[in-house]
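Okay, here's what each chain looks like letter by letter:
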Amino acid sequence: MVSVYTDWPKSAADLLPLPDCDGPKLRPFDFRGQQNIQFLEHIGDGAHADVFRVNIGGQIYALKVFRFGIEDRWMAPEHKSDYDSPEAARAFYNYSEPFCAECRAYGRLQEAGHEDLSIQCFGYVLLDEKHEDSLMKQFPELRHAINGNYQTIDSVEIFSRKRFLGKDGRPPPIRCLVKEFGHECDALQAKDAKQILKDIIRLHQLGIIDIDIADRQIINGKIGDFSTAITVPHYLTTPALNPHLAPEWISAMEKELFVFSSNDYWVFDAMVDEVNQELSMEHDEEHDEESGETQNSIRKKRIEVFAFPPGKGNRPTRYDLRGTTTRARLYTLADPRRYNWRDPVKRGNSRARPEDGSQKPHQRLQAQPPRWYLDFSRKEAERLRQIAFAGFTNQLAWTFKEGHIFPTQRPQN
Ligand SMILES: Nc1ncnc2c1ncn2[C@@H]1O[C@H](COP(=O)(O)OP(=O)(O)OP(=O)(O)O)[C@@H](O)[C@H]1O
């Protein structure tokens, strides 16, 4: 029988780098002996995980504990019947399930020597029974969420941890990542925004897109959440993974990838707009008793850092299609497909030492990567404008046939 999730390890030798598919992988956390975690405090949660402040060997870390989420929380096959097959579920799980997605992104940052682009991740952990027990006893209110029966669909309680059992018939172990413990940023400032934008471009150069960008996700001034990330090679980014794709689907995938990449910049620009709007509201509220000095300081706090400055680039909320030809040439700031995932370190003879003098390989990234230009019909460009207004949703759906993942058209609402 095919196991979907990683099974309970019998010994440390079973803790292989994850996930089990082409591309980057993350190593297990090194406890230097027995697993030993002291849970201190529940510090946050999101759509995919609960995060705890923990003590491991006298050091404080953030432990991200992933739930066994149902498929509509991640890029899984369109038809649930597809997902009922363990082979299909496993194929999607390894690339896209939030725990695997985050392992792959961190694996890439480590293999390329660019861990500085995010808060650090020190490896994955599969909680042993003793630690699962203490987690559940200490935080009983989270028991249901962590086990996966946190959602009821059509009056049926989904107990997703039990959906795919391990070899010995048990539900799989709880999966976690050990990360640097940090703090959310108080108020986004221009210098943070400039750095975050630079980091997004560098992540795209490393083949990592669909990053969760929001000011609440910025921890210690860095991007800290990759649970939705798509990392090259991936069934969306890399047609070479499926030799049976028809040319029209390869072209549809290219456009979809372009839109996913653009969306990271649209979200960044929307975040900056929101911060500026909040500042303007503060300004209006204080207007009556406001001195000229306050107005100046609010003006100074405005962030003028945009991926697609107003009126330029492919920021669909701003571009004007009137008077253009039948084609629209759009661009994003880096092409994630240029990352050479088959030979990550030697690419372009760019082997170099990291600035901190350590011995890890380091792939030098071009300071100003070439833009990625792609032609769209006027109609398609208009559609992009609309989806960016309405919130991005993927246009392609995915299905599993004869050992491969294929794109299909997503039904339009
Ligand atoms: N390293 C960390 N240090 C301190 N707090 C953290 C850390 N990582 C996450 N948090 C807190 O936990 C929250 C949830 O974490 P995270 O965003 O990684 O989970 P998620 O389920 O992937 O969320 P999302 O729904 O945004 O995808 C964060 O918004 C933040 O408040």
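Residues numbered from 1 in each chain as written. Predicted model: local features only at pLDDT ≥ 70, side-chain atom pairs only at ≥ 80, totals over all residues. Heavy atoms only, no water.

- Named according to an unreviewed UniProt entry, the chain is Kinetochore Sim4 complex subunit FTA2-domain-containing protein originating from Podospora didyma.

Comments concerning the site of the ligand
Then step 1. Around the ligand, the structure places 21 residues, and the nearest of them are Ala47, Lys64, Glu180, Glu184 and Gln217.
Then step 2. The separation between an oxygen atom of the ligand and a polar main-chain atom of alanine 49 is 2.9 Å.
Then step 3. When the ligand is considered free in solution it has 620 Å² of accessible area, and contact with the protein chains removes 92% of it.
Then step 4. If you list the elements that add at least two residues to the shell around the ligand, you get strand S1 (38-45), strand S2 (49-56) and strand S3 (59-66).
Then step 5. Residue contributions to the shell around the ligand peak at three residues, all from S1.
Then step 6. Of the residues in the shell around the ligand, the class split is eight nonpolar, six polar and seven charged. (Near = heavy atom within 4 Å. Polar contact = N/O pair within 3.5 Å; in protein donor to acceptor, adjacent residues only side chain to side chain. Areas by Shrake-Rupley, 256 points an atom, 1.4 Å probe, with all protein chains shown as cover. Helix = DSSP H or I, 4+ residues; strand = E, 2+ residues; numbered from the N terminus. Nonpolar A, V, L, I, M, F, W, Y, C, P; charged D, E, K, R; others polar.)

As for the packing of helix H2 (residues 86-96) against helix H3 (residues 98-111)
Helices that pack against each other are described as a pair by the angle of their axes relative to one another and the distance between those axes.
Then step 1. The interhelical angle for the contact between H2 and H3, taken along N-to-C directions, is 45°, at an axis separation of 5 Å. Classified by the angle their axes make, H2 and H3 are oblique. Contacts between H2 and H3 involve Tyr93, Asn94, Tyr95 and Ser96 on the former and, on the latter, Pro98, Phe99, Cys100, Ala101 and Arg104.
Then step 2. Classifying every residue of the contact of H2 with H3 gives six nonpolar, two polar and one charged. (Axes fitted to C-alpha atoms, helices over the stretch in contact; angles between N-to-C directions. Parallel < 35°, antiparallel > 145°, perpendicular 65-115°, else oblique. Contact = heavy atoms within 4.5 Å.)

Focus on the packing of aromatic side chains
Then step 1. Overall, the coordinates contain 18 aromatic pairs when judged by the stated rule.
Then step 2. Aromatic pair tyrosine 61 and phenylalanine 122: ring centres 5.3 Å apart, planes at 70°, arrangement edge-to-face. Residue tyrosine 61 is located in strand S3, and its partner phenylalanine 122 is located in strand S4 (residues 121-126); the two are separated by 61 residues in the primary sequence.
Then step 3. A relative accessible area of 32% places phenylalanine 122 in the partly exposed class.
Then step 4. Aromatic pair tyrosine 331 and tyrosine 373: ring centres 5.6 Å apart, planes at 55°, arrangement tilted. In this pair, tyrosine 331 sits in strand S12 (residues 327-332) while tyrosine 373 sits in strand S15 (residues 372-377), placing the two residues 42 residues apart along the sequence.
Then step 5. Each member of the aromatic cluster is reached from another via a ring pair, and the members are Phe29, Phe31, Tyr61 and Phe122.
Then step 6. Sitting over the face of the ring of tyrosine 331, arginine 371 holds its NZ or CZ atom 3.9 Å from the ring centroid.
Then step 7. If you follow lysine 401 out to its NZ or CZ, it ends over the ring of phenylalanine 406, 4.9 Å from the centre. (Phe/Tyr/Trp six-rings, centres within 6.5 Å; stacked < 30°, edge-to-face > 60°. Buried < 20%, exposed > 50% of the residue type's maximum accessible area, 1.4 Å probe, protein only. Lys NZ or Arg CZ within 6 Å of the ring centre and 35° of its normal.)

A look at the nonpolar core
Then step 1. If you look at the biggest cluster of nonpolar residues, it comprises 109 residues, and the most contacted ones within it are Ile37, Phe39, Phe99, Ile208, Phe226, Phe268 and Trp398.
Then step 2. Counting residues per element, this core draws most heavily on helix H7 (residues 247-285), which supplies 11 residues.
Then step 3. Apart from residues lying up to four places away in sequence, phenylalanine 39 is in contact with Phe52, Arg53, Val54, Leu63, Leu127, His131, Ser134, Leu135, Gln138 and Phe139. (Core = buried A, V, L, I, M, F, W, Y, C linked by side-chain atoms within 4.5 Å.)

Things to note about the pattern of salt bridges
Then step 1. Considering all chains together, one arrives at 19 salt bridges under this definition.
Then step 2. One salt bridge in this structure joins arginine 53 and glutamate 41, with 2.9 Å as the shortest N-O distance. Here arginine 53 is found in strand S2, whereas its partner glutamate 41 is found in strand S1, with 12 residues between them in sequence.
Then step 3. Judged by its relative accessible area of 24%, arginine 53 falls in the partly exposed class.
Then step 4. A salt bridge links aspartate 168 to arginine 170; its shortest N-O distance comes to 3.1 Å.
Then step 5. Judged by its relative accessible area of 28%, arginine 170 falls in the partly exposed class.
Then step 6. What you see here is one network of salt bridges that share partners, running through Lys64, Glu102, Lys179 and Asp225. (Salt bridge = Lys/Arg side-chain N within 4 Å of Asp/Glu carboxyl O.)

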